[in-house]
Amino acid sequence: QVQLVESGGGLVQAGGSLRLSCAASGRTFSSYAMGWFRQAPGKEPEFVAAITWSGGNTNYADSVKGRFTISRDNAKNTVYLQMNSLKPEDTAVYYCAADRSTITTMLDLNDYWGQGTQVTVSS
C-alpha cells in the first residue's frame, strides 16, 4: 500500500512559479513510476507529467513542456513538480499518482493517487 500526500499549491500570479511536492509512504517508493495529473473545474483529469522509478526518463503533456519539470528524490520518498511561467489555464487541482509499472494517462488506471492540492493562477 502506498499513500500519497501532495503539498505546495496556492495562489500565484500569471508568470509566477510554484513547486509541488508529493510525499509517499512505504519502503517501495523507489520501485514506482510517478506522475502528476490535474483537474480543472468541470473537466476530466488531465495527464501532466511522469517519471520512471529511476528518474532516468520523463514525459510531459504538450501544454506544459518547457515550463514544468518533474523530478524525484527516492531517499526522501518524494516527487516534485516545478511549475514556471504559470498561466491562468494551469489553474486546477493537482494530483500525484504512483504505479508499479508505467504511469498511464488516465488517473484512475494508476495504482495509487493522492487527494490533490489546489493551484490557482490569477491573470
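Heads up: the structure comes first, above all this text.
Residues numbered from 1 in each chain as written. Predicted model: local features only at pLDDT ≥ 70, side-chain atom pairs only at ≥ 80, totals over all residues. Heavy atoms only, no water.

Novice: Which residues make up the pairing of strand 4 (residues 33-39), and what values go with them?
Specialist: Of all the seven residues making up strand 4, six are buried; the element is thus mostly covered by neighbouring parts of the structure. Of the strand pairs in this sheet, strand 4 and strand 9 (residues 92-99) are connected by seven bridges, and their pairing is antiparallel. Counterpart to Phe37 in the pairing with strand 9 is Tyr95. Bridging between strand 4 and strand 5 (residues 46-51) involves five bridges; their strand directions are antiparallel. Looking at strand 5, one finds that Gly35 is bridged to Ala50. (Buried < 20%, exposed > 50% of the residue type's maximum accessible area, 1.4 Å probe, protein only. Helix = DSSP H or I, 4+ residues; strand = E, 2+ residues; numbered from the N terminus. Pairing = 2+ DSSP bridges.)

Novice: Describe the sheet that holds strand 3 (residues 18-24), naming the residues involved and giving the relevant values.
Specialist: Ordered in space as 1-3-8-7, the four strands form an open sheet in which the pairing is antiparallel. Edge positions in the sheet fall to strand 1 (4-7) and strand 7 (68-73), since each has one partner strand and no second. Mean inter-strand twist for the sheet, computed between neighbouring axes without regard to direction, equals 15°. Sheet analysis places strand 3 next to strand 8 (residues 78-83), joined by six bridges and oriented antiparallel. Considered in strand 8, the bridge of Ala23 is made with Thr78. (Axes fitted to C-alpha atoms, helices over the stretch in contact; angles between N-to-C directions.)

Novice: If you had to explain the environment of Thr78 to someone new, which residues and values would you point to?
Specialist: Considering the arrangement of structural elements, one finds Thr78 in strand 8. Between the C-alpha atom of Thr78 and that of Leu4, which follows or precedes it by 74 residues, the distance is 9.2 Å. Excluding residues that lie within four positions of it along the chain, Thr78 makes contacts with Ser21, Cys22, Ala23, Phe29, Arg72 and Asp73. A polar atom in the side chain of Thr78 sits 2.8 Å from the backbone oxygen of Lys76. (Contact = heavy atoms within 4.5 Å. Polar contact = N/O pair within 3.5 Å; in protein donor to acceptor, adjacent residues only side chain to side chain.)

Novice: Describe unusual backbone geometry, listing the residues and the values that go with them.
Specialist: For Asn77, which is not a glycine, the phi torsion comes out positive at approximately 55°. By the secondary structure assignment, Asn77 is in the loop between strand 7 and strand 8. The backbone of Ser85 sits at a positive phi, close to 50°, despite the residue not being glycine. As for its placement among the helices and strands, Ser85 is situated in the loop between strand 8 and strand 9. A relative accessible area of 41% means that Ser85 is categorised as partly exposed.

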